[in-house]
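Examination of the molecular architecture
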Number of protein chains: 2
Amino acid sequence: MTRSIELADLEDASCLIVGGGGFLGTHLCQALTKAKAKVCVFSRTITPIPDWQNVNAVQGTLENTELLRTAIKDSEFVFHLLGGVSPASVDSSLKLEIDHSVSASIRLFEMCCEYNVRRVIFVSSGGTVYGIPKSVPISEEAPTFPISPYGVNKLSIEKYLHYFWKSAGLDYAVMRVANPFGSFQVPGRGQGVIATMLKNAIDGKALEIWGDGKAIRDYIYAPDAARALALAAVYQGAERIFNVGSGLGRSVVDIATDILRLVDRDGFPVVYKDARPTDVPANVLDISRIHREFNWTPKTPWDQALRETANWVRGC
Amino acid sequence: MTRSIELADLEDASCLIVGGGGFLGTHLCQALTKAKAKVCVFSRTITPIPDWQNVNAVQGTLENTELLRTAIKDSEFVFHLLGGVSPASVDSSLKLEIDHSVSASIRLFEMCCEYNVRRVIFVSSGGTVYGIPKSVPISEEAPTFPISPYGVNKLSIEKYLHYFWKSAGLDYAVMRVANPFGSFQVPGRGQGVIATMLKNAIDGKALEIWGDGKAIRDYIYAPDAARALALAAVYQGAERIFNVGSGLGRSVVDIATDILRLVDRDGFPVVYKDARPTDVPANVLDISRIHREFNWTPKTPWDQALRETANWVRGC
């Protein structure tokens, strides 16, 4: 760590969150607003929340070139959270996925070069870019052999960022975020196992578990992840790729147990469904680099994070 | 090495070379024909050569889906040599490049799955996928941070192959070929520094050197590289990624010296031009893996390879 970095370093910085209307984007928006940054959210769907009163929200897609150009023009930092499609999707239309993720990102990076953006912070996927790891926890230096198109495309975008840095001087940070969870993650959309299980438990429905429920994942509370993303803008060291996770592995069965205890429904029915082909058996991120470089650790205890998420799910 | 492999193992095997009309494809065609394989060449441009009398040549692009389908249908092994555009191209139209390289390859792989192709042998780029190496020679385990779109796309295709293997069982070999040279490489097309310098030297023109001429590259004689590609079809071991190079580094100045000696033009003018932004300072491949697994080494001595290439350039 060259020097201690903190969110206060972002005061008055112009931050653009592309894809900021989503779940993690909303948390990032809150973190940046709290740090007194000037925030613009560019997203296909905008869901106004109380904290957004001082946020400039622009509704658009990366295809709206002129709208995007206007948003980028005065931005110092661009957070790229556009995910393409869901990690669970398979090869129904791989070309379309590439168009919407890789090619769209390249257009964004070209504009960032044009307007001398200080740094692009790209939210990559710690859960998919490594593929099936030889061992856990997985360091940023581990081999990357994704087993889903989603993961391949995230990795391609990372590589294109490196190319734009080398060829045009566009500075960047790649944030390989584990499985984020927390408020604003709408249950039942095929993503966010915690939100979906919480919702079912609260509603008195059976919990669905894909596969045998023993697959190990690294779950990171969204407000903690958002803080890491924000810090990446003001980081001054030499690293460019960071795992953002809890560093801990939990099975789906573990989580189901914790959730049923939380909602006081012991012995509740659990339904097992077929595993998805794009699921890896184990994924836990080594977070020693970001701890060392950012002095960042996930602050929120698991039980508290789960309880806060449950409270949000109850109201949604 | 599980057992000794040799070209004779390819006798009667149905081999499709996609992009086989090019320079390296022509050498591969010769190697496969010599091994008595049944060869089909699918290429945008077909240049018939004497050895092709028993070769089935199909003129088409990956966009000609039905033509490609017919070619793939009865193939056991598919050699994928389609390069997209030249390594020297930069970001004039990155999306188009992705369409023609990554997306087109995915369509090819989908068809290979459909027709149960036994193995895809993909010619990747040992000169670009690694980017700027921390040290040379570069092993297959080294980090991959390409500094050209060409390299990023080659890497994406490698990763998609891994995905198709994991999701659909499509077997594959990635051959990271260094800078190939030899007959059939037409001089003066912005690729193939050896062919171009030989042509200029033979024609009595000044040799052009990009940059300071000290950039180190690994040059592999095309017939040797082609033999490695052919062996990859019948390899039975567990590795999937192979460097294919000489394992030796030569500077452009070294080569110019050797060429001028060969054509007996000592003290000949050399013109220095600006380096290309996509050039890496040094690239030498570690070829111990392919030596161990295939018992392959580049057999042709440098002087002989250069002389044979010069003879071809003289006649073209």
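So, here is what we can say about the structure in this document. (Residues numbered from 1 in each chain as written. Chains lettered and ligands numbered in written order. Predicted model: local features only at pLDDT ≥ 70, side-chain atom pairs only at ≥ 80, totals over all residues. Heavy atoms only, no water.)

Remarks on the overall build of chain A
What chain A contains, in helices and strands, is nine helices and 13 strands. Taking 20 Å as the expected radius of gyration for a compact globule of 316 residues, we find that chain A reaches 19 Å, a close match to that expectation. Structurally, chain A occupies a C-alpha span of about 60 × 40 × 40 Å along its principal axes. By residue count, 54% of the 316 residues in chain A fall in the buried class. Partitioning the intrachain contacts of chain A with sequence separation of at least 6 by distance along the chain shows that 80% fall at a separation of at least 24. Each charge class in chain A can be summarised by its mean position, and for the 33 positive and 34 negative side chains these summaries are 1 Å apart. (Helix = DSSP H or I, 4+ residues; strand = E, 2+ residues; numbered from the N terminus. Rg over C-alpha atoms; globule rule 2.2 N^0.38 Å. Buried < 20%, exposed > 50% of the residue type's maximum accessible area, 1.4 Å probe, protein only. Contact = heavy atoms within 4.5 Å. Lys, Arg positive; Asp, Glu negative; His and termini not counted. Charge placed at Lys NZ, Arg CZ, Asp CG, Glu CD.)

A look at the packing of aromatic side chains
All names here are of chain B. Following the criterion strictly, the structure yields 20 aromatic pairs over all chains and no others. Taking 6.3 Å as the distance between ring centres and 85° as the angle between the ring planes, the aromatic pair formed by Tyr-160 and Tyr-163 counts as edge-to-face. Of this pair, Tyr-160 and Tyr-163 both sit in helix α4 (residues 149-168), three residues apart, which is roughly one turn of that helix. Take Tyr-160 and Tyr-163: they sit in the same class, and that class is buried. (Phe/Tyr/Trp six-rings, centres within 6.5 Å; stacked < 30°, edge-to-face > 60°.)

A word on the interface of chain A and chain B
Listed as interface residues are 28 residues of chain A and, on the opposing side, 28 residues of chain B. Interface of chain A and chain B: buried area, both sides summed, is about 2600 Å²; carbon and sulfur atoms make up 66% of it. Taken as a group, A:Lys159, A:Tyr160 and A:Tyr163 account for 25% of the area that chain A buries against chain B, more than any other trio of residues on that side. The interface formed by chain A and chain B includes two salt bridges. Here A:Lys95 ties to B:Asp99 by a salt bridge, and the two come within 3.6 Å at their closest N and O atoms. (Buried area = accessible area lost by both parts, 1.4 Å probe. Salt bridge = Lys/Arg side-chain N within 4 Å of Asp/Glu carboxyl O.)

Focus: the nonpolar core
Counting 64 residues, the largest nonpolar core has A:Tyr160 and B:Tyr160 as its most contacted members. Among residues more than four places away in sequence, those in contact with B:Tyr160 are A:Leu94, A:Ile98, A:Pro149, A:Val152, A:Asn153, B:Val102 and B:Ile106. (Core = buried A, V, L, I, M, F, W, Y, C linked by side-chain atoms within 4.5 Å.)

Some remarks on the sheet that holds strand β1 (residues 14-18) of chain B
Residues and elements named next belong to chain B. In spatial order, the strands read β3-β2-β1-β4-β5-β6-β11; together these seven strands make up an open sheet with parallel pairing. Edge positions in the open sheet fall to β3 (56-59) and β11 (241-244), since each of these has one partner strand only. With direction set aside, neighbouring strand axes in the sheet form an average angle of 20°. Pairing of strand β2 (residues 38-43) with β3 involves four bridges; the strand directions are parallel. Its bridge partner lying in β3, Ser-43 is registered against Gln-59. Where helix α1 (residues 23-34) meets the sheet, it contacts β1, β2, β4 (77-80), β5 (119-125) and β6 (172-177), and its direction lies at approximately 170° from that of β1. (Pairing = 2+ DSSP bridges. Axes fitted to C-alpha atoms, helices over the stretch in contact; angles between N-to-C directions.)

What about the pattern of salt bridges?
Counted by the stated rule, this structure contains 34 salt bridges over all chains. A salt bridge links B:Glu63 to B:Arg107; the shortest N-O distance between them is 3.3 Å. Of this pair, B:Glu63 sits in the loop between β3 and α2 (65-73) while B:Arg107 sits in helix α3 (residues 94-114); the two residues are 44 residues apart in sequence, bridging distant segments of the chain. The exposure class assigned to B:Arg107 is partly exposed, which follows from its relative accessible area of 26%. The shortest N-O distance in the salt bridge between B:Glu239 and B:Arg289 comes to 3.4 Å. A residue pair is termed long-range when its members are at least 10 positions apart, and B:Glu239 in the loop between α6 (222-234) and β11 and B:Arg289 in helix α8 (residues 288-294) qualify at 50 residues. A network of salt bridges, in which partner residues are shared, links A:Lys95, A:Asp99, B:Lys95 and B:Asp99.

As for the pairing of β1(B)
Residues and elements named next belong to chain B. The buried fraction of β1 amounts to five of the five residues, a majority that puts the element mostly inside the structure. Taking every second residue as pointing to the same face, both faces of β1 are buried, with Ser-14, Leu-16 and Val-18 on one and Cys-15 and Ile-17 on the other. In terms of strand pairing, β1 meets β2 through five bridges, oriented parallel. Across the sheet, residue Ile-17 finds its bridge partner in β2, namely Val-41. Chirality of the crossover, the property in question, places the unit of β1, α1 and β2 among those that are right-handed. (Right-handed = clockwise from strand over helix to strand, strands pointing away.)

Some thoughts on unusual backbone geometry
Trans peptide bonds make up the majority, and among non-glycine residues the majority have a negative phi. Residues and elements named next belong to chain A. Omega for the bond connecting Val-136 with Pro-137 falls within 30 degrees of zero, at -5°, which places this linkage in the cis form. Summarising the element assignment, Pro-137 is placed in the loop between β5 (119-125) and α4 (149-168). Within the chain, Asp-12 stands out as a residue other than glycine whose phi angle is a positive 70°. Turning to its location among the elements, Asp-12 is positioned in the segment before β1 (14-18). Judged by its relative accessible area of 49%, Asp-12 falls in the partly exposed class. One non-glycine residue, Lys-36, adopts positive backbone phi at about 65°.

Examining the relation of the copies chain A and chain B
For these two chains of identical sequence, chain A goes onto chain B by a turn of 180° and a shift of 0.0 Å along the axis, with RMSD 0.0 Å. As the rotation angle and translation indicate, the two copies are arranged about a two-fold axis. Minimal C-alpha distance to the rotation axis in chain A is attained by A:Ser156, lying at 3.0 Å. A share of 100% of the interface residues of chain A reappears at the interface of chain B, consistent with the copies meeting face to face through the same patch. (Least-squares fit on C-alpha atoms with pLDDT ≥ 70 in both.)

Here we look at the environment of B:Glu208
Residue and element names in this part refer to chain B. Residue position: Glu-208 is located in strand β8 (residues 207-210). The partly exposed category is assigned to Glu-208, whose relative accessible area is 40%. It is 41 Å that separates the C-alpha atoms of Glu-208 and Arg-119, two residues lying 89 residues apart in sequence. Sequence-distant contacts of Glu-208, that is, excluding residues within four places in its chain, are made with Met-197, Asn-200, Val-271 and Lys-273.

Here we look at the environment of B:Phe79
Residues and elements named next belong to chain B. Within the element layout of this structure, Phe-79 appears in strand β4. Separated by 124 residues in the primary sequence, Phe-79 and Asp-203 have C-alpha atoms spaced 35 Å apart. Excluding residues that lie within four positions of it along the chain, Phe-79 makes contacts with Cys-15, Leu-16, Ile-17, Val-18, Leu-28, Leu-32, Ile-121, Leu-229, Ala-230 and Ala-233.

Quick notes on the pairing of strand β11 (residues 241-244) of chain A
All names here are of chain A. The alternating pattern of β11 places Ile-241 and Asn-243 on one face and Phe-242 and Val-244 on the opposite face, and all of these are buried. Bridging between strand β6 (residues 172-177) and β11 involves four bridges; their strand directions are parallel. Residue pairing across strands places Met-175 opposite Phe-242, the latter belonging to β11.

Details of the side chain of B:Ser124
Mapping B:Ser124 onto the fold places it in strand β5. A polar contact is formed between the side chain of B:Ser124 and the side chain of B:Glu158, at a distance of 2.6 Å. (Polar contact = N/O pair within 3.5 Å; in protein donor to acceptor, adjacent residues only side chain to side chain.)

Bear in mind that shape data such as this cannot, by itself, settle questions of function.
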